[in-house]
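Notes for the structure review
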Amino acid sequence: MTPTLFDHLEQQEPLSKELGPGTALLRGLAQDHEALIMEALFAVAAESPFRHMVTPGGFRMSVAMTNCGALGWVTDSKGYRYASMDPETGGPWPAMPKVFMDLAQQAATLAGYPTFIPDACLINRYEPGARLTLHQDKNENDFAEPIVSVSLGLPAVFLFGGLERSDKTIRLPIVHGDVLVWGGPARLCYHGINPLKKGSHPATGGYRFNLTFRKAG
DNA sequence: TAGTAGCT
DNA sequence: GGAG
């Protein structure tokens with residue numbers, strides 16, 4: 001039986017107050033298909049391997065990334081953008097696995113975006129110490145489309161701020177299986193991930209993986 | 001400025 | 001030495 005948004009909200013702290021409308025933290029939503037998801041993730045990585053991209057400023061990112069779907073997020077000395085081809089392999093990104101698409105659409109629907117059809121899935125791999133500093137997702141074409149973020153493996157602290165970098169941030173402890181959706185007035189909020197702490201997780205070993213679904217094109 | 005260093 |  002598919003859980004309703006009410007089922008999820010019932011078991012969690014009231015996020016809507018802090019994060020505003022259009023935003024939901026769906027605790028444990030990805031746990032049901034955890035084995036299938038990890039299998040699909042490794043299949044994607046076998047085709048387009050994880051790599052440490054470089055920011056326009058010339059810094060190597062601590063998070064290793066790959067993509068699946070029609071478009072993939074990339075950064076290099078020329079800037080941030082979406083590309084239909086993997087710069088490393090020269091070929092298209094791997095197709096988005098059905099289990100990814102189904103999960104993203106289920107999460108988006110629960111959060112109030114029933115027509116969400118992602119064309120991009122950025123896969124982030126965090127090792128201990130890896131982090132993402134506060135940033136906005138603004139390389140997509142339509143900001144009316146939400147962001148769906150799936151957490152797998154080691155726990156992390158998700159930072160959620162406002163529309164300006166200097167705005168106060170709240171710290172959300174995120175664990176394996178949690179899915180965070182944000183859109184509407186929160187769509188362009190600054191967010192980030194604190195440096196990952198060392199640990200071990202049955203599903204992912206010493207890593208945290210994050211799937212970020214977007215309609216980019 | 002999707003980073004890092006350096007401070008409290 | 002970790003957290004902010």
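Sequence order as written defines the numbering, with residues in each chain counted from 1. Chain labels run from A onward and ligand labels from 1 onward, assigned in the order the entries are written. A pLDDT threshold of at least 70 governs which residues receive local features in this predicted model, and a stricter bar of 80 or more applies before side-chain atom pairs are shown or counted, although totals over entire chains, interfaces and linings include all residues. Note: side-chain values were computed over all heavy atoms of the structure, leaving out hydrogens and water.

A few points about the protein's contact with DNA strand C
- What makes a residue near a molecule or strand is one non-hydrogen atom of that residue sitting within 4 Å of it. Near DNA strand C you find Arg171, Asn194 and Lys197, and these make up its full shell.
- Any pair of nitrogen or oxygen atoms within 3.5 Å is treated as a polar contact; in protein, a donor-acceptor pairing is required on top of that, and neighbouring residues in sequence qualify only through side-chain atoms on both sides. Within the contact set of DNA strand C, a sugar or linking oxygen lies 3.4 Å away from a side-chain nitrogen or oxygen of Arg171.
- At a separation of 3.4 Å, a phosphate oxygen of DNA strand C approaches a polar side-chain atom of Lys197.

Brief notes about the pairing of strand 12 (residues 208–214)
- Burial classes: relative accessible area under 20% of the type maximum marks a residue as buried, over 50% as exposed, and values in between as partly exposed (1.4 Å probe, protein chains only). Note on conventions: DSSP H or I runs of at least 4 residues are helices, E runs of at least 2 residues are strands, and numbering of each starts at the N terminus. Taken across its 7 residues, strand 12 has 7 buried, putting it largely inside the fold.
- In this description, strands pair whenever DSSP reports at least two bridges between them. Bridge analysis of strand 5 (residues 120–126) against strand 12 gives 7 bridges, and the strand direction is antiparallel. Within the sheet, the bridge partner assigned to Ala120 lies in strand 12 and is Arg214.
- Sheet topology note: the strand 7 (residues 147–153)/strand 12 ladder contains 6 bridges and is antiparallel.

Topic: the UniProt feature "binding site: Fe cation" (unreviewed entry) in chain A
- UniProt positions are given in the numbering used here, feature names are shortened, and annotations may be inferred rather than shown by experiment. With numbering matched to this structure, UniProt assigns "binding site: Fe cation" (unreviewed entry) to His135, Asp137 and His191. A compact arrangement is adopted by the annotated residues: their sequence extent is 57 residues, whereas the largest C-alpha distance between any two is 8.7 Å.
- Note that Asp137 resides in the loop between strand 6 (132–135) and strand 7.
- Classification of Asp137 by relative accessible area gives buried; the value is 3%.
- Once residues within four sequence positions are removed from consideration, Asp137 is found in contact with Phe143, Ile147, Trp182, Arg187, Leu188, His191, Thr212 and Arg214. Here, two residues are considered to be in contact whenever any of their heavy atoms come within 4.5 Å of each other.

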